[in-house]
Amino acid sequence: MNYDIKDIKLSSEGKKRIEWADKDMPVLREIRVDFQKTKPFKGMNISACLHVTAETANLARTLKAGGANVVLVASNPLSTQDDVAASLVKDYKIEVLAIKGENRETYYKHLRQALKHAPIITLDDGADLISLLHSDFSHLAKDIKGSMEETTTGVIRLKSLQESGNLNLPVIAVNDAKTKNLFDNRYGTGQSTLDGIIRATDMLIAGKTIVVAGYGWCGRGFATRARGMGAKVIVTEVDEIKALEASMDGFVVMPMEEAASIGDLFCTLTGDLHVVDTKHFKKMKDGAIVCNSGHFDVEINLDSLKKMAKKVNKGLRENVNEYVISDKKSIYVLAEGRLINLSAAEGHPASVMDMSFATQALSCEYVVKNSDKLNKAVHNVPASIEIKIARLKLKALGVSIDKLSPEQKKYLASWKIGT
Ligand code: ADE
(Lines give C-alpha, C1' and ligand atoms only; values in the text may rest on other atoms or scores of the structure.)
Protein backbone atom coordinates (compact mmCIF):
# COMPACT_ATOMS: atom_id res chain seq x y z
CA MET A 1 0.00 0.00 0.00
CA ASN A 2 1.25 3.46 -0.95
CA TYR A 3 1.41 6.09 1.83
CA ASP A 4 3.37 9.13 2.97
CA ILE A 5 2.87 10.02 6.62
CA LYS A 6 5.03 11.32 9.46
CA ASP A 7 5.54 8.15 11.49
CA ILE A 8 3.63 4.86 11.46
CA LYS A 9 4.62 4.35 15.12
CA LEU A 10 2.12 7.07 16.10
CA SER A 11 -0.76 4.76 15.15
CA SER A 12 -1.87 3.61 18.62
CA GLU A 13 -2.53 7.21 19.77
CA GLY A 14 -4.34 7.88 16.50
CA LYS A 15 -6.56 4.82 16.88
CA LYS A 16 -7.67 5.95 20.33
CA ARG A 17 -8.49 9.36 18.92
CA ILE A 18 -10.48 7.92 16.01
CA GLU A 19 -12.46 5.66 18.33
CA TRP A 20 -13.13 8.52 20.76
CA ALA A 21 -14.48 10.69 17.94
CA ASP A 22 -16.57 7.80 16.63
CA LYS A 23 -18.51 7.65 19.92
CA ASP A 24 -19.86 11.11 19.08
CA MET A 25 -20.68 10.31 15.45
CA PRO A 26 -23.81 8.13 15.72
CA VAL A 27 -25.31 9.14 12.38
CA LEU A 28 -22.15 8.33 10.45
CA ARG A 29 -21.90 5.03 12.36
CA GLU A 30 -25.40 4.06 11.32
CA ILE A 31 -24.59 4.90 7.69
CA ARG A 32 -21.40 2.83 7.97
CA VAL A 33 -23.34 -0.22 9.14
CA ASP A 34 -25.74 0.28 6.25
CA PHE A 35 -22.94 0.70 3.68
CA GLN A 36 -21.28 -2.45 5.01
CA LYS A 37 -24.36 -4.35 3.85
CA THR A 38 -25.27 -2.50 0.66
CA LYS A 39 -21.72 -1.76 -0.67
CA PRO A 40 -22.70 1.26 -2.80
CA PHE A 41 -19.06 1.92 -3.78
CA LYS A 42 -17.97 -1.66 -4.48
CA GLY A 43 -14.59 -1.56 -6.26
CA MET A 44 -14.73 2.22 -6.82
CA ASN A 45 -11.78 4.55 -6.31
CA ILE A 46 -12.49 7.57 -4.15
CA SER A 47 -9.97 10.39 -3.59
CA ALA A 48 -10.58 12.72 -0.67
CA CYS A 49 -8.76 15.99 0.00
CA LEU A 50 -9.96 16.88 3.50
CA HIS A 51 -8.46 17.90 6.84
CA VAL A 52 -6.88 14.69 8.10
CA THR A 53 -8.51 14.50 11.53
CA ALA A 54 -10.11 11.80 13.68
CA GLU A 55 -13.51 12.80 12.32
CA THR A 56 -12.35 12.54 8.72
CA ALA A 57 -10.89 9.13 9.55
CA ASN A 58 -14.39 7.97 10.44
CA LEU A 59 -15.71 9.25 7.12
CA ALA A 60 -12.92 7.42 5.28
CA ARG A 61 -13.78 4.22 7.20
CA THR A 62 -17.42 4.66 6.20
CA LEU A 63 -16.59 4.99 2.50
CA LYS A 64 -14.29 1.97 2.77
CA ALA A 65 -17.06 -0.02 4.48
CA GLY A 66 -19.15 0.78 1.40
CA GLY A 67 -16.58 -1.00 -0.76
CA ALA A 68 -14.46 1.97 -1.91
CA ASN A 69 -10.69 2.12 -2.31
CA VAL A 70 -10.04 5.40 -0.53
CA VAL A 71 -7.02 7.70 -0.81
CA LEU A 72 -6.88 10.58 1.65
CA VAL A 73 -4.72 13.71 1.33
CA ALA A 74 -4.70 16.92 3.38
CA SER A 75 -6.69 20.01 2.40
CA ASN A 76 -4.42 22.24 4.45
CA PRO A 77 -0.69 21.81 5.19
CA LEU A 78 -1.12 22.49 8.93
CA SER A 79 -4.27 20.59 9.83
CA THR A 80 -3.09 16.97 9.63
CA GLN A 81 -3.21 14.91 12.82
CA ASP A 82 -0.15 12.72 12.23
CA ASP A 83 -1.23 10.03 14.70
CA VAL A 84 -4.60 9.73 12.96
CA ALA A 85 -2.87 9.44 9.58
CA ALA A 86 -0.67 6.64 11.00
CA SER A 87 -3.64 4.72 12.38
CA LEU A 88 -5.59 5.01 9.14
CA VAL A 89 -2.70 3.35 7.33
CA LYS A 90 -1.85 0.71 9.94
CA ASP A 91 -5.19 -0.18 11.51
CA TYR A 92 -7.70 0.62 8.78
CA LYS A 93 -5.57 -0.05 5.66
CA ILE A 94 -6.50 3.30 4.14
CA GLU A 95 -3.96 5.06 1.91
CA VAL A 96 -2.99 8.45 3.39
CA LEU A 97 -0.54 11.00 1.99
CA ALA A 98 -0.40 13.84 4.48
CA ILE A 99 2.13 15.20 6.96
CA LYS A 100 1.49 18.11 9.33
CA GLY A 101 3.64 21.05 8.24
CA GLU A 102 4.27 19.71 4.71
CA ASN A 103 5.48 22.41 2.34
CA ARG A 104 3.59 23.58 -0.73
CA GLU A 105 5.52 21.25 -3.02
CA THR A 106 4.74 18.16 -0.94
CA TYR A 107 1.14 19.29 -0.49
CA TYR A 108 0.64 19.38 -4.27
CA LYS A 109 2.66 16.21 -4.81
CA HIS A 110 0.17 14.44 -2.53
CA LEU A 111 -2.81 15.93 -4.37
CA ARG A 112 -1.40 14.76 -7.69
CA GLN A 113 -0.91 11.27 -6.27
CA ALA A 114 -4.53 11.26 -5.12
CA LEU A 115 -5.58 11.93 -8.71
CA LYS A 116 -3.25 9.29 -10.14
CA HIS A 117 -5.49 6.92 -8.15
CA ALA A 118 -8.01 7.56 -11.01
CA PRO A 119 -10.99 8.37 -8.78
CA ILE A 120 -14.62 8.02 -9.74
CA ILE A 121 -15.66 10.26 -6.87
CA THR A 122 -13.70 13.09 -5.26
CA LEU A 123 -14.21 14.97 -2.02
CA ASP A 124 -12.71 18.41 -1.50
CA ASP A 125 -12.49 20.96 1.30
CA GLY A 126 -11.54 24.15 -0.54
CA ALA A 127 -11.65 22.86 -4.16
CA ASP A 128 -7.90 22.23 -4.59
CA LEU A 129 -8.39 18.74 -6.03
CA ILE A 130 -11.09 19.85 -8.43
CA SER A 131 -8.94 22.74 -9.51
CA LEU A 132 -6.29 20.22 -10.63
CA LEU A 133 -9.09 18.40 -12.48
CA HIS A 134 -9.46 21.63 -14.47
CA SER A 135 -5.75 21.96 -15.26
CA ASP A 136 -3.06 19.23 -15.29
CA PHE A 137 -5.57 16.41 -14.71
CA SER A 138 -8.50 17.63 -16.83
CA HIS A 139 -8.34 14.39 -18.87
CA LEU A 140 -9.69 12.54 -15.78
CA ALA A 141 -12.78 14.72 -15.35
CA LYS A 142 -14.93 12.73 -17.79
CA ASP A 143 -14.67 9.60 -15.61
CA ILE A 144 -15.75 11.33 -12.44
CA LYS A 145 -19.36 10.73 -11.39
CA GLY A 146 -19.33 13.62 -8.94
CA SER A 147 -17.22 15.78 -6.71
CA MET A 148 -18.29 16.80 -3.20
CA GLU A 149 -17.34 20.21 -1.82
CA GLU A 150 -17.20 20.69 1.95
CA THR A 151 -16.64 24.39 2.46
CA THR A 152 -18.07 27.84 1.62
CA THR A 153 -14.84 29.01 -0.04
CA GLY A 154 -14.80 25.92 -2.27
CA VAL A 155 -18.43 26.33 -3.31
CA ILE A 156 -17.78 29.99 -4.21
CA ARG A 157 -14.81 28.94 -6.39
CA LEU A 158 -16.87 26.23 -8.10
CA LYS A 159 -19.87 28.47 -8.75
CA SER A 160 -17.59 30.98 -10.45
CA LEU A 161 -16.14 28.14 -12.53
CA GLN A 162 -19.69 27.17 -13.49
CA GLU A 163 -20.59 30.76 -14.38
CA SER A 164 -17.55 30.98 -16.64
CA GLY A 165 -18.90 27.90 -18.47
CA ASN A 166 -15.81 25.83 -17.67
CA LEU A 167 -17.01 23.41 -14.98
CA ASN A 168 -16.17 19.98 -16.37
CA LEU A 169 -17.92 17.62 -13.92
CA PRO A 170 -20.94 17.43 -11.58
CA VAL A 171 -20.41 18.95 -8.14
CA ILE A 172 -22.46 18.52 -4.99
CA ALA A 173 -22.35 21.60 -2.73
CA VAL A 174 -22.26 19.68 0.56
CA ASN A 175 -21.45 22.94 2.35
CA ASP A 176 -24.79 24.41 1.33
CA ALA A 177 -26.83 21.62 2.92
CA LYS A 178 -28.66 22.78 6.05
CA THR A 179 -27.34 19.72 7.89
CA LYS A 180 -23.85 21.09 7.22
CA ASN A 181 -23.70 24.86 7.42
CA LEU A 182 -26.34 25.55 10.08
CA PHE A 183 -24.42 23.37 12.53
CA ASP A 184 -20.79 22.85 11.45
CA ASN A 185 -20.20 26.44 10.29
CA ARG A 186 -22.01 28.00 13.22
CA TYR A 187 -21.46 25.79 16.29
CA GLY A 188 -18.37 24.00 15.03
CA THR A 189 -16.44 27.09 13.93
CA GLY A 190 -17.79 29.07 16.87
CA GLN A 191 -16.35 26.70 19.43
CA SER A 192 -13.22 25.46 17.66
CA THR A 193 -12.04 28.97 16.73
CA LEU A 194 -12.16 30.03 20.36
CA ASP A 195 -10.50 26.73 21.30
CA GLY A 196 -7.64 27.41 18.85
CA ILE A 197 -7.17 30.98 20.11
CA ILE A 198 -7.11 29.86 23.73
CA ARG A 199 -4.74 26.93 23.10
CA ALA A 200 -2.39 29.19 21.11
CA THR A 201 -2.33 32.11 23.53
CA ASP A 202 -3.80 30.98 26.88
CA MET A 203 -5.47 34.40 26.97
CA LEU A 204 -8.49 35.34 29.07
CA ILE A 205 -11.44 36.11 26.80
CA ALA A 206 -13.54 37.94 29.40
CA GLY A 207 -13.29 41.70 29.05
CA LYS A 208 -11.29 41.64 25.78
CA THR A 209 -12.40 43.53 22.70
CA ILE A 210 -12.64 40.98 19.90
CA VAL A 211 -13.13 42.11 16.32
CA VAL A 212 -14.91 39.55 14.14
CA ALA A 213 -14.54 40.15 10.41
CA GLY A 214 -17.48 38.58 8.55
CA TYR A 215 -20.96 37.69 9.80
CA GLY A 216 -21.73 34.57 7.76
CA TRP A 217 -22.55 31.38 9.68
CA CYS A 218 -18.92 31.02 10.84
CA GLY A 219 -18.61 34.65 11.93
CA ARG A 220 -21.89 34.65 13.78
CA GLY A 221 -20.98 31.37 15.52
CA PHE A 222 -17.68 32.77 16.70
CA ALA A 223 -19.10 36.19 17.66
CA THR A 224 -21.81 34.54 19.75
CA ARG A 225 -19.40 32.21 21.55
CA ALA A 226 -16.88 35.01 22.20
CA ARG A 227 -19.66 37.15 23.68
CA GLY A 228 -20.72 34.16 25.78
CA MET A 229 -17.26 34.12 27.35
CA GLY A 230 -17.46 37.79 28.24
CA ALA A 231 -15.72 39.50 25.33
CA LYS A 232 -16.86 42.85 23.95
CA VAL A 233 -17.47 41.88 20.34
CA ILE A 234 -17.27 44.18 17.33
CA VAL A 235 -18.41 42.89 13.92
CA THR A 236 -17.16 44.22 10.58
CA GLU A 237 -19.09 43.47 7.36
CA VAL A 238 -19.45 44.51 3.71
CA ASP A 239 -22.94 43.06 3.27
CA GLU A 240 -25.77 45.38 4.33
CA ILE A 241 -28.16 42.61 5.40
CA LYS A 242 -25.57 40.73 7.43
CA ALA A 243 -24.43 43.99 9.05
CA LEU A 244 -28.02 44.75 10.01
CA GLU A 245 -28.44 41.26 11.41
CA ALA A 246 -25.26 41.60 13.49
CA SER A 247 -26.44 44.95 14.75
CA MET A 248 -29.87 43.59 15.77
CA ASP A 249 -28.17 40.56 17.34
CA GLY A 250 -26.68 43.15 19.68
CA PHE A 251 -23.12 43.45 18.31
CA VAL A 252 -21.36 46.75 17.66
CA VAL A 253 -20.86 47.07 13.89
CA MET A 254 -18.24 49.39 12.37
CA PRO A 255 -15.66 49.48 9.55
CA MET A 256 -12.39 47.63 10.13
CA GLU A 257 -10.49 50.93 9.96
CA GLU A 258 -12.34 52.14 13.02
CA ALA A 259 -12.16 48.81 14.84
CA ALA A 260 -8.41 48.52 14.19
CA SER A 261 -7.41 50.89 16.97
CA ILE A 262 -9.81 49.36 19.51
CA GLY A 263 -9.42 45.59 19.14
CA ASP A 264 -7.34 43.35 21.39
CA LEU A 265 -7.86 40.40 19.05
CA PHE A 266 -8.90 40.23 15.41
CA CYS A 267 -10.30 37.13 13.74
CA THR A 268 -11.15 36.95 10.04
CA LEU A 269 -13.92 34.63 8.81
CA THR A 270 -14.80 36.13 5.44
CA GLY A 271 -13.31 33.97 2.64
CA ASP A 272 -11.87 37.14 1.10
CA LEU A 273 -8.46 38.69 0.54
CA HIS A 274 -6.59 41.16 2.80
CA VAL A 275 -9.45 41.85 5.15
CA VAL A 276 -6.81 42.94 7.64
CA ASP A 277 -4.38 45.09 5.68
CA THR A 278 -1.57 47.65 6.00
CA LYS A 279 -3.84 50.56 6.98
CA HIS A 280 -5.29 48.43 9.78
CA PHE A 281 -1.93 47.21 11.10
CA LYS A 282 -0.85 50.87 11.29
CA LYS A 283 -3.72 51.68 13.63
CA MET A 284 -3.49 48.60 15.86
CA LYS A 285 -2.46 48.80 19.50
CA ASP A 286 0.74 47.34 20.82
CA GLY A 287 0.08 43.68 21.62
CA ALA A 288 -2.83 43.25 19.21
CA ILE A 289 -3.37 39.62 18.20
CA VAL A 290 -4.45 38.67 14.68
CA CYS A 291 -5.74 35.31 13.46
CA ASN A 292 -7.84 33.74 10.72
CA SER A 293 -10.54 31.11 10.68
CA GLY A 294 -11.40 31.36 6.98
CA HIS A 295 -10.33 28.55 4.65
CA PHE A 296 -7.27 30.14 2.97
CA ASP A 297 -4.40 32.05 4.55
CA VAL A 298 -5.10 35.17 2.47
CA GLU A 299 -7.37 37.13 4.78
CA ILE A 300 -4.52 38.76 6.74
CA ASN A 301 -2.00 40.59 4.55
CA LEU A 302 1.07 38.96 6.08
CA ASP A 303 3.42 40.12 3.31
CA SER A 304 2.63 43.69 4.19
CA LEU A 305 3.03 43.01 7.91
CA LYS A 306 6.41 41.40 7.21
CA LYS A 307 7.49 44.52 5.29
CA MET A 308 6.33 46.76 8.13
CA ALA A 309 8.15 44.70 10.77
CA LYS A 310 11.70 45.43 11.88
CA LYS A 311 11.97 41.86 13.06
CA VAL A 312 9.89 38.68 13.30
CA ASN A 313 10.30 36.53 16.40
CA LYS A 314 9.02 33.09 15.50
CA GLY A 315 7.62 30.54 17.91
CA LEU A 316 7.07 32.69 21.00
CA ARG A 317 4.62 29.93 21.78
CA GLU A 318 3.82 27.01 19.47
CA ASN A 319 1.49 28.98 17.23
CA VAL A 320 2.50 32.55 17.98
CA ASN A 321 4.83 34.77 15.91
CA GLU A 322 5.70 38.31 16.99
CA TYR A 323 6.03 41.07 14.38
CA VAL A 324 8.06 43.87 15.94
CA ILE A 325 6.88 47.10 14.30
CA SER A 326 8.78 49.51 16.58
CA ASP A 327 10.25 49.68 20.09
CA LYS A 328 6.77 50.42 21.33
CA LYS A 329 4.62 48.16 19.17
CA SER A 330 4.38 44.46 18.38
CA ILE A 331 1.60 42.60 16.60
CA TYR A 332 1.14 38.87 17.21
CA VAL A 333 -0.02 36.51 14.45
CA LEU A 334 -1.45 33.10 15.31
CA ALA A 335 -0.80 29.94 13.22
CA GLU A 336 0.80 31.92 10.39
CA GLY A 337 -2.63 33.21 9.40
CA ARG A 338 -3.88 29.72 8.58
CA LEU A 339 -7.12 28.24 9.93
CA ILE A 340 -6.67 28.76 13.67
CA ASN A 341 -9.20 26.08 14.69
CA LEU A 342 -7.45 23.30 12.80
CA SER A 343 -3.87 24.53 13.17
CA ALA A 344 -3.86 25.26 16.90
CA ALA A 345 -6.78 23.06 18.01
CA GLU A 346 -8.47 19.92 16.70
CA GLY A 347 -11.06 21.46 14.38
CA HIS A 348 -14.77 21.11 14.99
CA PRO A 349 -15.94 18.60 17.58
CA ALA A 350 -17.00 15.15 16.37
CA SER A 351 -20.66 15.66 17.24
CA VAL A 352 -21.03 18.37 14.60
CA MET A 353 -18.73 16.70 12.03
CA ASP A 354 -21.09 13.72 12.39
CA MET A 355 -23.72 15.65 10.47
CA SER A 356 -21.31 17.16 7.93
CA PHE A 357 -19.74 13.81 7.13
CA ALA A 358 -23.06 11.98 7.12
CA THR A 359 -24.05 14.54 4.47
CA GLN A 360 -20.82 13.77 2.59
CA ALA A 361 -21.32 9.99 2.77
CA LEU A 362 -24.95 10.08 1.62
CA SER A 363 -24.10 12.58 -1.13
CA CYS A 364 -21.44 10.18 -2.46
CA GLU A 365 -24.06 7.41 -2.54
CA TYR A 366 -26.53 9.78 -4.26
CA VAL A 367 -23.96 10.60 -6.94
CA VAL A 368 -23.34 6.91 -7.66
CA LYS A 369 -27.08 6.19 -7.91
CA ASN A 370 -27.87 9.27 -10.03
CA SER A 371 -24.78 9.79 -12.16
CA ASP A 372 -26.76 9.52 -15.40
CA LYS A 373 -28.96 12.46 -14.31
CA LEU A 374 -26.31 14.83 -12.98
CA ASN A 375 -25.02 17.41 -15.44
CA LYS A 376 -21.81 19.43 -15.16
CA ALA A 377 -23.13 21.94 -12.65
CA VAL A 378 -23.10 22.71 -8.93
CA HIS A 379 -26.00 20.74 -7.41
CA ASN A 380 -27.60 21.04 -3.99
CA VAL A 381 -27.82 18.09 -1.63
CA PRO A 382 -31.36 16.68 -2.02
CA ALA A 383 -33.75 17.67 0.80
CA SER A 384 -34.49 13.96 1.43
CA ILE A 385 -30.85 13.48 2.54
CA GLU A 386 -31.01 16.51 4.85
CA ILE A 387 -34.22 15.24 6.46
CA LYS A 388 -32.83 11.71 6.89
CA ILE A 389 -29.74 13.06 8.66
CA ALA A 390 -31.73 15.41 10.90
CA ARG A 391 -34.03 12.51 11.87
CA LEU A 392 -31.11 10.21 12.67
CA LYS A 393 -29.37 12.93 14.71
CA LEU A 394 -32.52 13.74 16.68
CA LYS A 395 -32.99 10.03 17.39
CA ALA A 396 -29.39 9.72 18.58
CA LEU A 397 -29.83 12.75 20.82
CA GLY A 398 -33.04 11.27 22.24
CA VAL A 399 -35.09 14.23 21.04
CA SER A 400 -38.68 13.62 19.86
CA ILE A 401 -40.76 16.12 17.94
CA ASP A 402 -44.43 16.61 17.09
CA LYS A 403 -46.18 15.41 13.92
CA LEU A 404 -48.69 17.38 11.89
CA SER A 405 -52.26 16.14 12.40
CA PRO A 406 -54.33 15.41 9.24
CA GLU A 407 -56.33 18.54 10.08
CA GLN A 408 -53.15 20.67 10.26
CA LYS A 409 -51.84 19.21 6.99
CA LYS A 410 -55.11 20.06 5.29
CA TYR A 411 -55.00 23.60 6.69
CA LEU A 412 -51.44 24.16 5.48
CA ALA A 413 -52.30 22.86 2.02
CA SER A 414 -55.30 25.13 1.60
CA TRP A 415 -55.41 28.75 0.48
CA LYS A 416 -59.12 29.14 1.18
CA ILE A 417 -59.18 29.59 4.94
CA GLY A 418 -58.56 33.30 5.64
CA THR A 419 -59.31 35.91 8.32
N1 ADE B 1 -13.25 21.07 9.40
C2 ADE B 1 -13.42 21.68 10.57
N3 ADE B 1 -13.26 20.84 11.59
C4 ADE B 1 -12.96 19.64 11.07
C5 ADE B 1 -12.67 18.36 11.62
N6 ADE B 1 -12.68 18.15 12.94
N7 ADE B 1 -12.40 17.37 10.77
C8 ADE B 1 -12.40 17.59 9.44
N9 ADE B 1 -12.67 18.75 8.86
C10 ADE B 1 -12.95 19.78 9.66
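Up top you'll find the structure we're talking about.
Basis of the calculations
- Residues numbered from 1 in each chain as written.
- Predicted model: local features only at pLDDT ≥ 70, side-chain atom pairs only at ≥ 80, totals over all residues.
- Heavy atoms only, no water.
- Core = buried A, V, L, I, M, F, W, Y, C linked by side-chain atoms within 4.5 Å.
- Buried < 20%, exposed > 50% of the residue type's maximum accessible area, 1.4 Å probe, protein only.
- Helix = DSSP H or I, 4+ residues; strand = E, 2+ residues; numbered from the N terminus.
- Contact = heavy atoms within 4.5 Å.
- Polar contact = N/O pair within 3.5 Å; in protein donor to acceptor, adjacent residues only side chain to side chain.
- Salt bridge = Lys/Arg side-chain N within 4 Å of Asp/Glu carboxyl O.
- Expected span 1.5 Å × (residues − 1).
- Arc of directions from axis to C-beta.
- Lys, Arg positive; Asp, Glu negative; His and termini not counted.
- Near = heavy atom within 4 Å.
- Areas by Shrake-Rupley, 256 points an atom, 1.4 Å probe, with all protein chains shown as cover.
- Pairing = 2+ DSSP bridges.

Draft legend 1. Seen up close, the nonpolar core. Within the largest apolar cluster, 54 residues are counted, with the highest numbers of intra-cluster contacts made by Phe41, Leu88, Val96 and Leu123. In terms of residue count, helix H15 (residues 350–370) provides more of this core than any other element does, 11 residues in total. In this structure, Leu88 is in contact with Ile18, Ala57, Leu72, Lys93, Ile94 and Val96, ignoring residues within four places of it in sequence. Counting 27 residues, the second largest nonpolar core, distinct from the first, contains Tyr215, Cys218, Leu269 and Leu334.

Draft legend 2. Spatial organisation of helix H10 (residues 240–248). With a side-chain oxygen lying 2.9 Å from the backbone nitrogen of Ile241, the N-terminal cap of H10 falls on Asp239. After H10 finishes, the residue Gly250 shows a positive phi value of roughly 95°.

Draft legend 3. Spotlight on the pattern of salt bridges. Applying the stated criterion across every chain yields a total of 22 salt bridges. Two residues, Arg32 and Asp22, come together in a salt bridge whose shortest N-O distance is 2.9 Å. Taken together, the positions of Arg32 in helix H2 (residues 26–38) and Asp22 in helix H1 (residues 11–23) put the pair 10 residues apart, joining distant regions of the chain. Residue class for Arg32 comes out buried when judged on its relative accessible area of 9%. Close ionic contact of Arg61 with Asp22 constitutes a salt bridge, the shortest N to O distance being 3.9 Å. Linking Arg61 in helix H3 (residues 54–65) with Asp22 in helix H1, this pair joins segments that are 39 residues apart in sequence. Accessibility assignment for this pair places Arg61 and Asp22 in one class, buried. The structure contains a network of salt bridges with shared partners spanning Arg17, Asp83, Asp195, Arg199 and Glu346.

Draft legend 4. Quick look at helix H16 (residues 383–397). For H16, built from 15 residues, the straight-helix expectation of 21 Å at 1.5 Å per residue is met to within 8% by its first-to-last C-alpha distance of 21 Å. Where H16 is concerned, the buried positions are Ile385, Glu386, Ile389, Leu392 and Lys393. Along the long axis of H16, the arc covered by the buried residues comes to 135°, so they all point the same way. The exposed set on the far side of H16, more than 90 degrees from its buried face, consists of Ser384, Arg391 and Lys395. If you follow the buried residues of H16, they end up packed against H2, helix H8 (178–201) and H15. Phi for Gly398, located one or two positions after H16, is positive at around 75°.

Draft legend 5. Quick peek at the side chain of Glu150. Within the secondary structure layout, Glu150 lies in the loop between strand E5 (146–149) and helix H7 (152–163). Within the buried core, Glu150 has no salt-bridge partner, and the shortest N-O distance to an opposite charge, that of Lys180, equals 4.3 Å. With residues up to four places along the chain from it excluded, the contact list for Glu150 reads Leu50, Asp124, Asp125, Val174, Asn175, Lys180, Asp184, Met353, Ser356, Phe357 and Gln360.

Draft legend 6. Structural detail: the site of the ligand. Surrounding the ligand, one finds His51, Thr53, Glu55, Thr56, Leu342, Glu346, Gly347, His348, Met353 and Phe357. One of the side-chain nitrogen or oxygen atoms of Thr53 is found 2.7 Å away from a nitrogen atom of the ligand. In this structure, a nitrogen atom belonging to the ligand sits 2.9 Å away from a side-chain N or O atom of Glu55. Within the complex, 95% of the 260 Å² of free accessible area of the ligand lies under protein.

Draft legend 7. Looking closely at the environment of Glu322. Assignment of secondary structure puts Glu322 in strand E13 (residues 320–326). Residues Glu322 and Tyr332, 10 residues apart in the sequence, show an inter-C-alpha distance of 4.6 Å. Setting aside its immediate chain neighbours within four residues, Glu322 contacts Lys311, Val312, Asn313, Leu316, Ser330, Ile331 and Tyr332. A polar side-chain atom of Glu322 sits 2.6 Å from a polar atom in the side chain of Ser330.

Draft legend 8. Just unusual backbone geometry, in detail. For Ala118, which is not a glycine, the phi torsion comes out positive at approximately 55°. Here Ala118 shows up in the loop between helix H5 (104–116) and strand E4 (121–124). Of note, Ala127 is a non-glycine position whose phi angle comes to about 70°, a positive value. Here Ala127 shows up in the loop between E4 and helix H6 (128–132).

Draft legend 9. Molecular detail of the pairing of strand E11 (residues 289–292). Judged by which residues are buried, E11 turns out to be covered on both faces: Ile289 and Cys291 on one side and Val290 and Asn292 on the other are all buried. Alignment of strand E10 (residues 265–268) against E11, held across 4 bridges, turns out to be parallel. Each bridged residue has a counterpart across the sheet, and for Cys267 the counterpart in E11 is Cys291. Bridging between E11 and strand E14 (residues 329–334) involves 2 bridges; their strand directions are parallel. Bridging from a neighbouring strand, Ile289 pairs with Tyr332 of E14.

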